[in-house]
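Descriptive analysis of the structure
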Amino acid sequence: VDAFQAWCGPCKTVVDLFRKIRNEVGRDLLHFAVAEVDSIDALEEYRGKCEPLFLFYTEGQIVAVVRGANAPLLQKTILEQL
């Protein structure tokens, strides 16, 4: 989940990376979503930050967090979690 705030928008620089990885591993294993933290109470703790934040969930639980648009770290985290 790309957690963002309305004033800065979702991180568009990594969308192509997610598409590439999803195409490589299959659509059934990897799902990508964006969430505006200003409108979701459960994500309140992530408000007020000015860096991209990526939350990785498995069976409804957060299993990893990547702060910043670090493409190599995002790819590594995705592949480790799969």
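Within an unreviewed UniProt entry, the label attached to the protein chain reads TXND6 protein, and the organism entered is Crypturellus undulatus.

Among the residues making up helix H1 (residues 15-25), those that are buried are Leu 17, Phe 18 and Ile 21. For H1, the buried positions fall inside an angular range of 95° around the axis, keeping them on one side. Those residues of H1 that are exposed and angled more than 90 degrees off the buried face are Asp 16 and Asn 23. Gly 26 lies just past H1 and shows a positive phi near 105°.

This brings us to the confidence of the model for the protein chain. Put simply, the protein chain has an average pLDDT of 83, and 94% of its residues get 70 or more. Least confident of the elements in the protein chain is strand S1 (residues 2-4), whose mean pLDDT is 80; most confident is strand S4 (residues 61-67), at 92.

Here is what the cut-offs are and how they apply
- Residues numbered from 1 in each chain as written.
- Predicted model: local features only at pLDDT ≥ 70, side-chain atom pairs only at ≥ 80, totals over all residues.
- Heavy atoms only, no water.
- Buried < 20%, exposed > 50% of the residue type's maximum accessible area, 1.4 Å probe, protein only.
- Helix = DSSP H or I, 4+ residues; strand = E, 2+ residues; numbered from the N terminus.
- Arc of directions from axis to C-beta.
- pLDDT = per-residue confidence, 0-100.

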